[in-house]
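Commentary on secondary and tertiary structure
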Amino acid sequence: MKKKLTPFPSQGLEKEELLNRLRTFKKEDARWKSGRTFSHIYNPGSDITDMVREAYNLFFSENALNPYTFPSLRKLENEVVSMAAHLLGGNEDTSGCITNGGTESIFLALHSAREWAKNHHPIIGKPEVILPQSAHPAFHKACHYLQLQPVVVPLGADYKVNPAEAWKAITNNTIAIVGSAPAYPHGVIDHIGKLSELAIENNLWLHVDACVGGFILPFARKLGHLLPDFDFTVPGVQSLSADLHKYGYAAKGASVLLYRNSELRKYQLYTYTQWPGGVYASLGFGGTRAGGAVAAAWAAFCGIGEAGYLKLTEKTLQTVRRLRQGIEAINGLKLVVQPDISILAITSDKIDVFALADKLTEKGWFVNRQFRPPSIHLTVSPIHAVVADEFLLDLQTALDEVQQLSINRIGNTLQTVATKGLKWVLPKKTFSKLQSLTTSGKPDPSAKNAAAMFQLLQEYAGDPEIELMVLNTLDELYTNTE
Ligand SMILES: *Cc1c(COP(=O)(O)O)cnc(C)c1O
């Protein structure tokens, strides 16, 4: 495809024309409003979304950079942080900030840990951070930018990080350890209590990644669900991230990062006082920050309230139960592990779940594919209550179709090669050729037959050639072409 430049518009469009164009662009998007999307969207229903949007719009132009310009935003942020601390086992000492998302919260937490270690845990080598295999890629990304060494530890049979392995991974250079509540791939909560013991014994910083769980776990517990301790009630926890734009139902662009006390938060504050432009000081990584995102988070907390979050959580967990039972009743499918909360990972010993995912895509569902074991990932939110039964029916139909497919077309060359491990026998170039003949050669989950591609991605995970292919695809996707 040829690169092209979009000419800068010479005249502004009429508002109606402009909005119509935007609406047209949306037509190809995942159909999240009706609940057909099982990731990226946390939909509490249009009443709440409309309220939060209005709050966002009230602060559409305001900037949360300078605490003196818009005291309203400072107050809103302080209150959101405080309410989050109240929910997550904090006390008057807990402090924090609103960031632009989970990734920024994780960056800041690891940066603070690194700076804290300079004072409290001196080392000679490159600082190491212990990451469970299931920890979010944002941690690897942060290590990459912050010159930290990620040390990945395997999961136990329960898909939680194995504390004994974490203990073995500690070296003289370890400064921090991470646990998730829950981890995104399988929806299970790491043994935070055990990690806390390790952290205290070895003087390490423990960060809990409650990005996805932070605003559903506390309500699930209040509803009577038995859950392990994961928040500041666990003594070794130094920092915790919880995304407002997930189960907090706020607008995109908002996460909370909490610290056990403001001494720890100081490691992330930044100031530069020699600039001709005046004194610069910022709370987090961002300079200008969307006032709307802060106001929307406050509006979500105050507009929904505990009673509302309890209702939404109840609805979500009922739907999880319905889906779980439905999946377990389908012969040939099973869950990777019983989830602790609202994330399900579907796998199979009998069929190719990537082919199953293709069939679901054909039926208008948006699901993510995961590796080792190959699985289909569902993040359940309240909206899915209305589509759970339809999804289960489609899942059964999709399974029947895949079984039909594998009888008719045994030996999809690529899949056979990949699954049988013959790839090690084939020279790489041959394999790449094979791959480009068999598929588009690009990881496109919306393609008709993406299964072979995902099989390949799983087999070659971590291979520099595959990583390059993914980077090139990303580069191409964000290039204007005709
Ligand atoms: C979503 C998520 C993140 C990253 O958050 P972003 O808002 O996408 O930057 C990190 N950890 C977990 C467990 C998550 O679910």
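See the structure printed just above.
Here's a quick rundown of the structure. For every chain, the first residue of the written sequence is number 1, and numbering continues from 1 along that sequence. The model is predicted, so local features are restricted to residues of pLDDT at least 70 and side-chain atom pairs to those at 80 or more, both for listing and for counting; the totals for chains, interfaces and linings are taken over all residues. Remark: hydrogens and water are excluded; side-chain values derive from all non-hydrogen atoms of the structure.

Counting from the N terminus, the helices are the DSSP runs of H or I reaching at least four residues and the strands are the DSSP runs of E reaching at least two. Scanning the protein chain for helices and strands turns up 16 helices and 13 strands. The size measure is the radius of gyration over C-alpha atoms, and the globule rule it meets is 2.2 Å times the number of residues to the 0.38 power. The C-alpha atoms of the protein chain give 24 Å as radius of gyration, which agrees with the globular expectation for 482 residues (23 Å, within 12%). With the C-alpha coordinates aligned to their principal axes, the bounding extent of the protein chain is approximately 65 × 65 × 50 Å. Expressed as a percentage of its 482 residues, the buried residues of the protein chain come to 49%. Note that accessible areas follow from Shrake-Rupley with a 1.4 Å probe, and for residues the cover is restricted to the protein chains shown. Carbon and sulfur atoms make up 55% of the accessible area of the protein chain, which totals about 24400 Å². Averaging the positions of the 48 positive and the 47 negative side-chain charges in the protein chain gives two centres separated by 4 Å. Per-residue accessibility, obtained with a 1.4 Å probe over protein chains only, is compared with the maximum for each type, and a residue is labelled buried under 20%, exposed over 50%, and partly exposed between these values. Two residue types count as positive, namely Lys and Arg, and two as negative, namely Asp and Glu; His and chain ends fall outside the count. To locate a charge, the coordinates of NZ of Lys, CZ of Arg, CG of Asp or CD of Glu are taken.

Before going further, it helps to examine the sheet that holds strand β12 (residues 368–370). Following DSSP output, two strands are said to pair if at least two bridges run between them. Strand order in this open sheet of four strands is β10-β11-β13-β12, and the pairing throughout is antiparallel. Each edge of the open sheet is held by one strand with a lone partner, namely β10 (334–335) and β12. Sheet topology places strand β11 (residues 343–347) next to strand β13 (residues 375–379); four bridges connect them, and they run antiparallel. Across the sheet, alanine 345 pairs through a bridge with histidine 377, a residue of β13. Of the strands in this sheet, β11, β12 and β13 touch helix α11 (residues 353–362), which is tilted by about 45 degrees from β13. Residue contacts are defined here by distance: any two heavy atoms, one from each residue, within 4.5 Å place the two residues in contact. The angle between two axes is taken between their N-to-C directions and runs from 0 to 180 degrees, where each axis is a line fitted to C-alpha atoms and a helix contributes only its stretch in contact.

On to a nonpolar patch on the surface. Patch definition: residues with relative accessible area over 30% and no salt bridge; like charges joined within 9 Å; nonpolar side chains (Val, Leu, Ile, Met, Phe, Trp, Tyr) joined within 5 Å. One speaks of a salt bridge when a side-chain nitrogen belonging to Lys or Arg is within 4 Å of a carboxyl oxygen belonging to Asp or Glu. Where nonpolar side chains cluster on the molecular surface, the patch consists of Leu13, Leu18, Leu22 and Phe25 and spans about 390 Å² of accessible area. Its place among the elements puts leucine 13 in the segment before α1 (15–26). Given the relative accessible area of 39%, leucine 13 is considered partly exposed.

This brings us to the packing of aromatic side chains. Stacked, tilted and edge-to-face are the three classes applied to pairs of Phe, Tyr and Trp rings, where Trp contributes its six-membered ring and a pair requires centres within 6.5 Å; stacked means planes under 30 degrees apart, edge-to-face means over 60, and tilted covers the rest. In total, this model carries 14 aromatic pairs according to the counting rule given. Seen from their ring centres, tryptophan 365 and phenylalanine 391 are 5.1 Å apart, and the 85 degrees between their planes marks the pair as edge-to-face. On the criterion of sequence distance, the pair formed by tryptophan 365 in the loop between α11 and β12 and phenylalanine 391 in helix α12 (residues 388–408) is long-range, its members being 26 residues apart. Clustering of aromatic rings is evident, with ring pairs tying together Tyr42, Phe215, Phe219, Tyr247, Tyr249, Phe301 and Tyr309. Positioned over the ring face of tryptophan 365 is arginine 36, at 3.9 Å from the centre of the ring. Only Lys NZ and Arg CZ are tested; either one counts as a charge over a ring when it is within 6 Å of the ring centre and within 35 degrees of the ring normal.

Turning our attention to the pairing of strand β5 (residues 205–209). Counting buried positions over the five residues of β5 gives five, a clear majority of the element. What you see with β5 is no split at all: Trp205, His207 and Asp209 on one side and Leu206 and Val208 on the other are buried throughout. Looking at chain direction, strand β4 (residues 174–180) and β5 are connected through five bridges and run parallel. Its bridge partner lying in β5, valine 178 is registered against histidine 207. By definition, the crossover connecting two strands over a helix is right-handed if that path, from the first strand to the second, turns clockwise as seen with the strands pointing away from the viewer. Following the chain from β4 across helix α7 (residues 192–202) to the adjacent parallel β5, one finds a crossover that is right-handed.

Next up on the list: the pattern of salt bridges. Overall, the coordinates contain 19 salt bridges when judged by the stated rule. For lysine 246, the salt bridge is made with aspartate 243, and the minimal N-O distance between the two is 3.0 Å. Here the two residues lysine 246 and aspartate 243 agree in accessibility, since each one is buried. A salt bridge links aspartate 358 to arginine 369; the nearest nitrogen and oxygen atoms lie 3.0 Å apart. Here the residue aspartate 358 occupies a position in helix α11, and arginine 369 occupies one in strand β12, the gap between them amounting to eleven residues. By relative accessible area, aspartate 358 is classed as buried at 5%. A relative accessible area of 12% places arginine 369 in the buried class. Within the structure, one salt-bridge network assembled from shared partners comprises Arg36, Glu390 and Asp394.

The omega torsion of the bond from alanine 181 to proline 182 falls at -15 degrees, within 30 degrees of zero and hence cis. For proline 182, the location among the structural elements is in the loop between β4 and α7. For the bond running from arginine 372 to proline 373, omega is -5 degrees, close enough to zero to count as cis. Here proline 373 is to be found in the loop between β12 and β13. Of note in this structure, histidine 40 is not a glycine but carries a positive phi near 70 degrees. With respect to the helices and strands, the residue histidine 40 is situated in the loop between α1 and α2 (46–58). At arginine 372, a residue that is not glycine, the phi angle is positive and equals roughly 50 degrees. By the secondary structure assignment, arginine 372 is in the loop between β12 and β13. Judged by its relative accessible area of 52%, arginine 372 falls in the exposed class.

Attention now goes to the nonpolar core. Put simply, a nonpolar core is a bunch of buried Ala, Val, Leu, Ile, Met, Phe, Trp, Tyr and Cys residues held in one set by side-chain atoms that sit within 4.5 Å of each other. In this structure, Leu244, Ile327 and Leu395 are the most contacted members of the largest nonpolar core, which totals 105 residues. In terms of residues, this core owes the most to one element, helix α10 (residues 291–329), which gives 15 residues. Not counting residues up to four positions away in its chain, the partners in contact with leucine 395 are Ile327, Ile330, Leu333, Ile346, Leu356 and Leu360. Counting 27 residues, the second-largest nonpolar core is a separate cluster that includes Phe107, Phe139, Ala176 and Leu264.

A word on helix α5 (residues 137–146). Those residues of α5 not exposed but buried are Ala138, Phe139, Ala142, Cys143 and Leu146. Down the axis of α5, the sector holding all buried residues measures 140 degrees, keeping them to one side. Those residues of α5 that are exposed and aimed more than 90 degrees away from the buried face are Pro137, His144 and Tyr145. Summarising the contacts, the buried residues of α5 are in contact with α4 (102–120), β2 (128–132), β3 (149–153), β4 and β5. After α5 finishes, the residue glutamine 147 shows a positive phi value of roughly 60 degrees. It is the directions from the helix axis to the C-beta atoms that the arc portrays.

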